[in-house]
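Spelled out, the chains give:
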Amino acid sequence: MPLDRIQPIYCDTEVDGAGASTYGTDAVPALTDALVVMNPEIKVDSTVINRKMRSQLLRPMYTGVVGQKSMSATFETFMAGYGGGAIDANTKFPAFHHLLQSCGFVGDFAVATWTYTMPDAGWGQLSSTIYAYKHGLLYKMVGTRGNAAWTFQAGQPCRAAWSMNSLFTAPAAAAETIPDYTTGTTGLIDSSPPICVGSVMDFTPYANAPTIGQFGLIDSVTIDLRNQVIPRMGTNFGSTDVSEWLITGHGTDDDDGILVSMDLEVPDMGAGEEAAWWNRFFAAAGPEIDRTVGDLNITVGAGAGKVMVWQLGGLAPLTIEDITLDGGRLGHRVTFKALGTDGSTGEDDLVITCT
């Protein structure tokens with residue numbers, strides 16, 4: 001394969017031997033921390049400060065200087081669990097483990113299950129180190145944090161879009177490495193990603209349960225964390241102006257929260273459901289906002305170590321529009337804000353598990 005097509009990418013969480021966060025400290029990802037990614041884009045982001053000269057004589061001493069520096073990366077992955085069978089130890093991780101912990105989640109292992117939750121008030125955020133090889137150079141991203149968005153499309157694997165930011169490290173010449181996707185000595189074993197067919201999409205009471213010959217199927221679902229990842233800049237620590245990338249919340253001050261979107265068929269007209277979605281949208285209160293534990297989840301995959309569940313705490317409808325699905329089917333696109341469960345004291349807008 002040509003050199004410009006070889007782009008191994010590795011990721012590991014930045015923690016010390018006791019599991020405490022060590023932000024910005026190179027975690028030195030191993031060959032077994034390799035990720036199977038699609039469409040990787042690695043960038044060095046910098047700001048050049050120029051001096052405005054009112055002279056036709058441009059000289060070297062008039063040139064600008066490079067100021068703020070950082071790095072960014074975007075890529076996609078198919079969601080897959082742990083390819084080595086049952087998760088019987090906390091040294092075995094699903095393939096998305098380190099990336100998810102870079103996006104505001106913290107993983108907890110118990111009884112063959114990894115459970116990922118968001119720390120209360122946003123504190124206790126973890127970070128990761130990403131090694132990306134490209135064109136004979138190593139792009140070493142430390143202190144990495146970012147955002148994730150998942151698309152669940154019928155007949156396709158769940159697709160995750162990752163957008164990451166990190167502190168600056170100058171790219172350096174390095175020999176290409178050979179990823180190890182199968183040994184799993186440090187936790188990761190790749191596996192074929194399951195497709196979203198036969199997956200469970202329980203969105204009670206928003207979705208109907210159509211059978212053969214009835215309308216109301218959910219065509220696709222998107223969950224976007226909408227992490228606001230901002231650079232902390234200061235003169236008292238750090239060497240490149242950007243001293244830390246921090247996740248300050250989901251969405252903006254006037255439009256906060258995790259966003260969920262569904263494309264679905266208009267319910268069966270004969271069942272009296274033609275106005276159901278509009279009624280739920282305009283009500284947007286009381287029983288129309290579901291906070292029942294166990295509802296509002298998507299389950300994808302089967303087999304030990306490969307079952308992934310996205311559990312939402314609640315949904316409040318934000319917008320609704322008419323769309324046309326494949327084959328001319330009439331449908332709705334409904335967007336929601338993810339909510340925590342009623343009476344919860346912790347962040348449970350979204351909880352992700354892998355068993």
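Provided above is the structure to which this section pertains.
Below is a short write-up of the structure. (Residues numbered from 1 in each chain as written. Predicted model: local features only at pLDDT ≥ 70, side-chain atom pairs only at ≥ 80, totals over all residues. Heavy atoms only, no water.)

All right, on to the pairing of strand 7 (residues 128-134) then. Counting buried positions along strand 7 yields seven of seven residues, so the element is predominantly enclosed. In strand 7, alternate side chains face the same way, and those of Ser128, Ile130, Ala132 and Lys134 on one face and Thr129, Tyr131 and Tyr133 on the other are all buried. The pairing of strand 1 (residues 9-13) with strand 7 spans five bridges and is classified as antiparallel. Bridge assignment links Ile9 to a residue of strand 7, and that residue is Ala132. Two strands pair when backbone bridges link them, and strand 7 and strand 8 (residues 137-153) are joined in this way by six bridges, in the antiparallel orientation. For Ser128, the partnering residue across the bridge sits in strand 8 and is Thr144. (Buried < 20%, exposed > 50% of the residue type's maximum accessible area, 1.4 Å probe, protein only. Helix = DSSP H or I, 4+ residues; strand = E, 2+ residues; numbered from the N terminus. Pairing = 2+ DSSP bridges.)

For the rest of this paragraph, the subject is the environment of Asn165. By the element assignment, Asn165 lies in strand 9 (residues 159-166). Expressed as a C-alpha distance, the spacing of Asn165 and Lys43, which sit 122 residues apart in the sequence, is 9.6 Å. If we skip the residues at most four places from it in the chain, Asn165 touches Met71, Ser72, Met141, Gly143, Thr144, Arg145, Val229 and Trp245. (Contact = heavy atoms within 4.5 Å.)

A sheet is described by the order of its strands in space; here three strands give the open sequence 13-14-15, paired in antiparallel fashion. Whereas interior strands pair on both sides, the edge strands pair on one side only; in this sheet they are strand 13 (227-233) and strand 15 (255-256). Sheet analysis places strand 14 (residues 242-252) next to strand 15, joined by two bridges and oriented antiparallel. Within strand 15, the position partnered with Gly251 by the bridge is Asp256.

What the rule picks out here adds up to eleven salt bridges. Close ionic contact of Asp255 with Arg226 constitutes a salt bridge, the shortest N to O distance being 3.1 Å. Placement of the pair is Asp255 in strand 15 and Arg226 in the loop between strand 12 (218-224) and strand 13, with a sequence separation of 29 residues. Residue Asp256 pairs with Lys337 through a salt bridge whose shortest N-O separation is 3.2 Å. A residue pair is termed long-range when its members are at least 10 positions apart, and Asp256 in strand 15 and Lys337 in strand 20 (residues 330-339) qualify at 81 residues. Three or more residues are tied together by salt bridges with common partners; here these are Arg145, Arg232 and Glu244. (Salt bridge = Lys/Arg side-chain N within 4 Å of Asp/Glu carboxyl O.)

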